[in-house]
Amino acid sequence: MRPETTALEGLLRDESAHAGPARVEVLDRVDSTSRYLLEDVSAEALPRAGRVCLAREQTAGRGRRGRDWVGHPEDGIALSVAWPLEPGEQVPPAWPVGAGLVLGETLHELGYAAVGLKWPNDLVVGEAKLGGILVEQQAPRVANGVGGRLVAGVGLNRAGSQRLQLGRAVTDLAAQGVPPPGWLELAGRLAAGLLEAHPWLMAHGLSQAGERLGAVDVLAGQRVERLETGERFLALGIDPQAGTLRVRGEESGERGEEQALHSGEVSVRRWNHAE
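A few points on the structure.

About the thresholds
- Residues numbered from 1 in each chain as written.
- Predicted model: local features only at pLDDT ≥ 70, side-chain atom pairs only at ≥ 80, totals over all residues.
- Heavy atoms only, no water.
- Salt bridge = Lys/Arg side-chain N within 4 Å of Asp/Glu carboxyl O.
- Helix = DSSP H or I, 4+ residues; strand = E, 2+ residues; numbered from the N terminus.
- Buried < 20%, exposed > 50% of the residue type's maximum accessible area, 1.4 Å probe, protein only.
- Pairing = 2+ DSSP bridges.
- Axes fitted to C-alpha atoms, helices over the stretch in contact; angles between N-to-C directions.
- Contact = heavy atoms within 4.5 Å.
- Expected span 1.5 Å × (residues − 1).
- Bend = angle between axes of the 7 residues up to and from the residue.

1. Looking at the pattern of salt bridges
Now for step 1: In the structure shown here, the tally under the stated rule is 15 salt bridges.
Now for step 2: Two residues, Glu-4 and Arg-56, come together in a salt bridge whose shortest N-O distance is 2.9 Å. Of this pair, Glu-4 sits in helix H1 (residues 3–15) while Arg-56 sits in strand S2 (residues 51–58), and the two are 52 residues apart along the sequence.
Now for step 3: Arg-48 is paired through a salt bridge with Glu-86; the nearest N and O atoms lie 3.5 Å apart. Note that Arg-48 is positioned in the loop between helix H2 (33–39) and S2 and Glu-86 in the loop between strand S5 (76–85) and helix H3 (95–109), a separation of 38 residues in sequence.
Now for step 4: Taking relative accessible area as the criterion, Arg-48 reaches 46% and is therefore assigned partly exposed.
Now for step 5: Look at Glu-86 and you get partly exposed, because its relative accessible area is 44%.
Now for step 6: One salt-bridge network, held together by shared partners, links Arg-2, Glu-4, Asp-28 and Arg-56.

Laid out in structure tokens, this is it:
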């Protein structure tokens, strides 16, 4: 077993005392940690407590809506966590937003109070992107006996974001005035947060997390634009039951009809956001 894997296992035991043992792997290089966990059809059962894959270098990281996630070895975190899904087991619709909430709160605990969640899956500081979450589900593969699974992939800029040259505003933890934890320690804290949160997210979703969502939601009260259509709205906040973004038409006033935007259908940005 690689020394980094042993070290990460120890960190997870320390940080997630109630989550039980998880299967842990640290890889030098992989195309995508999430793809690695989704496509592994080995006979070994996926543990209920979860499986963690961390890569020093990820060559084909994936973001929402088919976008690439770009990073340099150890400058960023390329991490995925997977759990089994039993036949008929339903993932609450707010689970992906819950993952973003938990990761944002974990970073707050580490001293990065300015980190917010930009619905549905971006971790940001101001207008600059710090990280992202991609949640995927896979149905059971009956032919080869592989059960269903839920995978949360996390990409986070730890340092060096100025070298990415992406043509949009990005940032990293090192730029926030608080020295970031070591690469392995940071990954352990983020993975532990997800491992701890998964059971209650599956049982309750975010039905009792409205105030917590309000503390990280950076779009609430902002004017947003639906990129696909150019429609403009006032964002009212994230619905803790459905994980949708509650909005009202910009021209409709306070009594206008409230709508729900679904993350699988739309992307939004603040409509006065400077390109």
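2. Some points on the sheet that holds strand S8 (residues 128–138)
Now for step 1: Across the sheet, which stays open at both edges, the 7 strands sit in the order S1-S2-S5-S9-S8-S7-S6 with mixed pairing between neighbours. The open sheet has two free edges, formed respectively by strand S1 (23–30) and strand S6 (115–118), since each of these has just one partner strand. The mean inter-strand angle of the sheet, taken between neighbouring strand axes irrespective of direction, is 20°.
Now for step 2: Where S8 and strand S9 (residues 148–157) come together, 8 bridges link them in antiparallel fashion. Paired with Val-135 across the strands is Ala-152, a residue of S9.
Now for step 3: Packed onto the sheet, H3 meets S5, S6, strand S7 (122–125), S8 and S9 and runs at close to 140° relative to S8.
Now for step 4: Lying on the sheet, helix H4 (residues 183–204) is in contact with S1, S2, S5 and S9; it crosses S5 at an angle near 25°.

3. A look at H4
Every α-helical turn comprises 3.6 residues, leaving residues that sit three or four positions apart pointing alike.
Now for step 1: Compared with an ideal rise of 1.5 Å per residue, which puts 22 residues at 32 Å, H4 spans 32 Å between its outermost C-alpha atoms and is within 8% of the ideal.
Now for step 2: Along its length, H4 shows its largest kink, about 40°, at Ala-197, and proline Pro-199 lies within four residues downstream of that point.
Now for step 3: Most of H4 sits inside the fold, with 16 of its 22 residues counted as buried.
Now for step 4: Two residues or fewer after H4 comes Gly-205, characterised by a positive phi angle close to 60°.

4. Section: the sheet that holds strand S10 (residues 223–226)
Now for step 1: In spatial order, the strands read S13-S12-S11-S10-S14; together these 5 strands make up an open sheet with antiparallel pairing. With partners counted over all chains shown, the strands left at the sheet margins are strand S13 (258–261) and strand S14 (268–270), one partner each. On average, each strand axis in the sheet is tilted by 45° relative to the strand beside it, whichever way the strands run.
Now for step 2: Sheet topology places strand S12 (residues 245–249) next to S13; 4 bridges connect them, and they run antiparallel. The residue of S13 that forms the bridge with Arg-246 is Ala-260.

5. Observations concerning the pairing of S12
Now for step 1: With 4 of 5 residues buried, S12 is to be regarded as a mostly interior element.
Now for step 2: From the end of strand S11 (residues 232–238) to the start of S12, which pair antiparallel, there are 6 residues, and Gly-243 there has a positive phi angle of about 75°.

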